[in-house]
Amino acid sequence: MKMACHKCAEKAVIALQHGELCKNHFLSYFEEKVFTTITKHDLLNRKDTIGIAASGGKDSLTVLYLTKKFLKKHQFPSRFFALVVDEGIAGYREHTLKDLEMFCKKQQIELKKVSFREAWGATLDEAHPKINKDTKKKPCTICGVWRRSLLNRHAREAGATKLVTGHNLDDEAQAILMNMFKANVGLAASLGPKSGIKEREGFVPRVKPLYFCTEKETRLYAFLKGFTVNFAECPNAREGFRIAIRDFLNDFEGRYKGTKQSIVNSFLEILPLLKEKARQDTTHPQACERCGEPARQTVCQACALQEVLHAP
Ligand code: SF4
Ligand SMILES: [Zn+2]
Ligand SMILES: [Zn+2]
């Protein structure tokens, strides 16, 4: 990029809608955006104990680093820790886990690890063929259900009152479209910078400090900060519906700049209405009779999948 930063004469590293920025101005712009999201949307407070869902990818290292920086800057006394789920995906997870371990050691962040094998009795690689044979479920569906359940359980058991995730603007725009394409209005209501519709017993609210940061910005931030990140993609990613939506959105963004931001902005306008509608839903989640996690049926989805896995 040959252009100069619009704030100083330095060489620009990125062209944003409001102008080009050099390395230093981009880093400040990005951090400021994340910190403003946390304060404006009331994502964290002084009394919180914070679990940070981490994977070792660029988003999670960035959100770990900036959550720690935010707490220090605002002198929050909050205890915080990183929480990682090892799904058991060969050729992928072992690399990101190594990056995460190194990062947490360097940053002196406590890291808690849980695995599919310990919790469900099999890695994702082992479980998927069996579950898929009986239910046709894709790896990402199983992965998502089991990971969400473990993150919530272990965050809660470690005393967390908030679970920080590294979801960025691209992830959110994809999720909004996915829910729309599949007519999942109920699920859409749980999106937004602060997820969750109403206080639910046993459910740790999830918050997204990178909500207004694009994938491109987050990748550049991680790169400029020198975070060691393995940019390899999960081998199962190609199979997912999300990837089709991601490619479609990237294509649109390339032709019509600002598309993703507009999707998220329009969604935020209607989100209060969706939440209100969901609040009127009187079906209360109950505790799963097997694992005790919040569930809509007597047995939660995670335990139902485990049952399929271990069926004779
Ligand atoms: S791409 Fe699918 S299988 Fe791979 S980590 Fe993500 S959700 Fe899990
Ligand atoms: Zn500059
Ligand atoms: Zn359960």
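Residues numbered from 1 in each chain as written. Chains lettered and ligands numbered in written order. Predicted model: local features only at pLDDT ≥ 70, side-chain atom pairs only at ≥ 80, totals over all residues.

Caption draft 1: Fine view of the overall build of the protein chain. What the protein chain contains, in helices and strands, is 12 helices and nine strands. Seen along its three principal axes, the alpha-carbon backbone of the protein chain occupies a region of about 70 × 45 × 40 Å. By the burial criterion, 36% of the 312 residues in the protein chain qualify as buried. (Helix = DSSP H or I, 4+ residues; strand = E, 2+ residues; numbered from the N terminus. Buried ≥ 20, exposed ≤ 12 C-beta atoms within 10 Å, placed from the backbone.)

Caption draft 2: Representation of the domain arrangement of the protein chain in the model. The domain architecture assigned to the protein chain consists of domain 1 (1-33) and domain 2 (41-310). Summarising the inter-unit geometry, the C-alpha centres of domain 1 and domain 2 are found 29 Å apart. Each side of the interface is counted separately: domain 1 has nine residues, and domain 2 has nine residues. The set of elements that each furnish at least two residues to the side of domain 1 that touches domain 2 consists of β1 (12-16) and α1 (23-40). Looking at the side of domain 1 that touches domain 2, the element that brings in the most residues is α1, giving six residues. Grouping the amino acids of the side of domain 1 that touches domain 2 by side-chain chemistry returns five nonpolar, one polar and three charged. (Domains from an automatic or database assignment. Contact = placed C-beta atoms within 7 Å. Nonpolar A, V, L, I, M, F, W, Y, C, P; charged D, E, K, R; others polar.)

Caption draft 3: Representation of helix α2 (residues 58-73) in the model. Counted at 1.5 Å a residue, the expected span for α2 with its 16 residues is 22 Å, and the 22 Å between its end C-alpha atoms agrees. Along α2, the positions that sit buried rather than exposed are K58, D59, S60, L61, T62, V63, L64, L66, T67 and F70. Where α2 is buried, its residues contact α1, β3 (50-54), β4 (80-86), α3 (93-107), β6 (162-164) and α9 (215-224). Within two residues after α2, Q75 carries a phi angle of roughly 50 degrees, on the positive side. (Expected span 1.5 Å × (residues − 1).)

Caption draft 4: Spotlight on helix α11 (residues 259-279). The end-to-end C-alpha distance of α11, which contains 21 residues, comes to 30 Å, matching closely the 30 Å that a straight helix rising 1.5 Å per residue would cover. At I270, α11 shows its strongest bend, of approximately 45 degrees, with the proline P272 following within four residues. Taken together, the buried positions of α11 are K260, I263, V264, F267 and L274. Where the residues of α11 are buried, they touch α7 (169-181), α8 (185-188) and α10 (241-255). (Bend = angle between axes of the 7 residues up to and from the residue.)

Caption draft 5: Expanded view of the pairing of β1. Examined bridge by bridge, β1 and strand β2 (residues 19-22) share four bridges and lie antiparallel to one another. Across the sheet, the residue bridging to I14 is L21, located in β2. With antiparallel pairing between neighbouring strands as the criterion, β1 and β2 make up a hairpin whose turn holds two residues. (Pairing = 2+ DSSP bridges.)

Caption draft 6: Broad picture of the site of ligand 1. In the neighbourhood of ligand 1, the contacting residues comprise E87, I89, P139, C140, C143, G144, C234, N236, A237 and G240. Its residues assigned to classes, the shell around ligand 1 shows six nonpolar, three polar and one charged. (Near = placed C-beta within 6 Å.)

Caption draft 7: Focus on the pairing of strand β5 (residues 111-115). In terms of strand pairing, β4 meets β5 through five bridges, oriented parallel. Residue pairing for β5: L83 is matched across the bridge by K112. On the question of chirality, the crossover connecting β4 to the parallel β5 by way of α3 is right-handed. (Right-handed = clockwise from strand over helix to strand, strands pointing away.)

Caption draft 8: Examining the packing of α7 against α11 more closely. Look at α7 against α11: their axes get within 9 Å of each other, and the N-to-C directions meet at 65 degrees. The two elements α7 and α11 meet at a crossing, and its hand is left-handed. Judged by residue contacts, L169, D170, E172, A173, I176 and L177 of α7 engage K260, Q261, I263, V264 and F267 from α11. Classifying every residue of the contact of α7 with α11 gives seven nonpolar, one polar and three charged. (Axes fitted to C-alpha atoms, helices over the stretch in contact; angles between N-to-C directions. Left-handed = near helix turned anticlockwise from the far one by under 90°.)

Caption draft 9: Region of interest: the packing of α7 against α10. Packing of α7 against α10 brings their axes to within 9 Å, and their N-to-C directions diverge by 115 degrees. With respect to their mutual orientation, α7 and α10 come out roughly perpendicular. Here α7 runs over α10; the crossing is right-handed. Note on element contacts: α10 touches α7 through F241, R242, I245, R246 and L249, opposite A173, Q174, L177 and M178. Looking at side-chain class alone, the contact of α7 with α10 contains six nonpolar, one polar and two charged residues. (Parallel < 35°, antiparallel > 145°, perpendicular 65-115°, else oblique.)

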